[in-house]
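# Report on the structure
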Amino acid sequence: MSIAVNAQYNTAAPGSLAQRLATRARNDMFATFMAELKPQPAETMLDIGVTSDQTYESSNYFEALYPVKAAITAAGIDDASFLETQYPGVRFVDANILSLPFADGSFDCVHSAAVWEHVGSRANQAQALAEVLRVARRGVFLTTPNRWFPIELHTRVPLAHWLPAHIYRPLYRAVGLDFFAEESNLNLLSGGDVRALSSVHPHWRFRLRHASVMGWPSNIILIGEKG
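Report on the accompanying structure. (Residues numbered from 1 in each chain as written. Predicted model: local features only at pLDDT ≥ 70, side-chain atom pairs only at ≥ 80, totals over all residues. Heavy atoms only, no water.)

## What about the overall build of the protein chain?
When you go through the protein chain residue by residue, the secondary structure sums to seven helices and seven strands. Listing every helix and strand of the protein chain by position from the N terminus yields α-β-α-β-α-β-β-α-β-α-α-α-β-β. Radius of gyration (C-alpha) of the protein chain: 17 Å, near the 17 Å computed for a compact globule of 227 residues. Here the C-alpha coordinates of the protein chain stretch approximately 50 × 40 × 35 Å along the principal axes. Counting the 227 residues in the protein chain, one finds 51% classified as buried. Taking contacts inside the protein chain between residues at least 6 apart in sequence as the whole, the part at least 24 apart equals 64%. (Helix = DSSP H or I, 4+ residues; strand = E, 2+ residues; numbered from the N terminus. Rg over C-alpha atoms; globule rule 2.2 N^0.38 Å. Buried < 20%, exposed > 50% of the residue type's maximum accessible area, 1.4 Å probe, protein only. Contact = heavy atoms within 4.5 Å.)

Set out below in structure tokens:
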């Protein structure tokens, strides 16, 4: 029987240890965003990948934590229009990261957390990054789980994802994780993968940071500034 997956592309229960750790990591990532890109109150922010989930404390953390709500355009394929009521000033737009409905340079900074691994093939991941860079005027901030963290963060299964895809995907199907066995739903990235995807954009300066759990890098953060 297939294991149920929620709107956060996750199997962990709300309030579980896994979700408490995720909340801590996302708070750390938000602090990194503020410290690295130093957004100004008048600047516009695009957050790509908002979710309809309202059960996790870490869901839509950018809208919760960013102080200037009117600066935020929240975009995603889920219906997260409730964010406009929950955080007055926020604007919600139905949008896919692979083809964003915004003109070039529409936003000062673009933020996207835990979306990159869910867009499918490496070609799609390259397209997602290209779209993020296209609509950003000066800075981008993308996060994705680190493939080399020993526990896969969506399934909570240890080590299997370190195996080649043609081995671990059948293993996932065998234990009821059919959803995550599909590349279109989960395609993990390493630091090397992120460097390779960003290296083809010479007009941007990139640096990698990490969020860690128990000292092990659990999430990769790609920070880019137009130069």
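## Here we look at the environment of Ile 77
Positionally, Ile 77 belongs in the loop between β2 (72–76) and α3 (83–86). On the accessibility criterion, Ile 77 (57% relative accessible area) is exposed. With 106 residues separating them in the primary sequence, Ile 77 and Glu 183 have C-alpha atoms 18 Å apart. Residue contacts for Ile 77: discarding those within four places in its chain leaves Asp 94, Ala 95 and Asn 96.

## Description of the side chain of Glu 117
Relative to the elements of secondary structure, Glu 117 occurs in the loop between β4 (107–113) and α4 (122–135). The buried charged residue Glu 117 lacks any salt bridge partner; its closest oppositely charged side chain belongs to Arg 26, at an N-O distance of 6.4 Å. A polar atom in the side chain of Glu 117 sits 3.3 Å from the side chain of His 118. In terms of polar contacts, Glu 117 uses its side chain to reach the side chain of Thr 144, at 2.9 Å. (Lys, Arg positive; Asp, Glu negative; His and termini not counted. Salt bridge = Lys/Arg side-chain N within 4 Å of Asp/Glu carboxyl O. Polar contact = N/O pair within 3.5 Å; in protein donor to acceptor, adjacent residues only side chain to side chain.)

## Describing the side chain of Ser 58
Mapping Ser 58 onto the fold places it in the loop between β1 (45–48) and α2 (61–65). Residue classification places Ser 58 among the buried residues on the basis of a relative accessible area of 2%. Setting aside residues up to four positions removed in sequence, Ser 58 forms contacts with Gln 8, Gln 19, Ala 22, Thr 23 and Arg 26.

## As for the pairing of strand β5 (residues 136–145)
In terms of burial, β5 is largely enclosed, as eight of its 10 residues are buried. In this region the chain leaves β4, passes through α4 and returns to the parallel neighbour β5; the handedness of that crossover is right-handed. Here β5 runs beside strand β7 (residues 216–226); their pairing, made up of seven bridges, is antiparallel. Directly across from Gly 139, in β7, lies its bridge partner Glu 225. (Right-handed = clockwise from strand over helix to strand, strands pointing away. Pairing = 2+ DSSP bridges.)

## Topic: the sheet that holds β4
If you walk across this open sheet you meet the seven strands as β3-β2-β1-β4-β5-β7-β6, and the pairing is mixed. Taken across any chain shown, the strands that pair with only one partner, and hence form the sheet edges, are β3 (91–94) and β6 (204–213). Each strand axis lies, on average, 20° off the axis of its neighbour in the sheet, ignoring direction. Of the pairings in the sheet, the one linking β4 to β5 comprises six bridges and is parallel in character. Among the inter-strand pairings, Cys 109 is bridged to a residue of β5, identified as Gly 139. (Axes fitted to C-alpha atoms, helices over the stretch in contact; angles between N-to-C directions.)

## What about α4?
Given a rise of 1.5 Å per residue, 14 residues ought to cover 20 Å, and the 20 Å separating the end C-alpha atoms of α4 matches this to within 8%. Each element contacted by the buried residues of α4 is listed here: β1, β4, β5, α7 (191–198), β6 and β7. (Expected span 1.5 Å × (residues − 1).)

## Considering the pattern of salt bridges
Scanning the entire structure with this criterion turns up nine salt bridges. For Glu 36, the salt bridge identified is with Arg 209, shortest N-O distance 2.9 Å. One end of the pair, Glu 36, is in helix α1 (residues 17–37); the other, Arg 209, is in strand β6, and 173 residues separate them in sequence. In this structure, Glu 131 engages Arg 134 in a salt bridge whose closest nitrogen and oxygen atoms are separated by 2.8 Å. With Glu 131 and Arg 134 both in helix α4, this residue pair falls three residues apart, about one helical turn. Taking the relative accessible area as the measure of exposure, Glu 131 reaches 9% and is therefore buried. Through salt bridges with shared partners, one network takes in Glu 36, Arg 207, Arg 209 and Glu 225.

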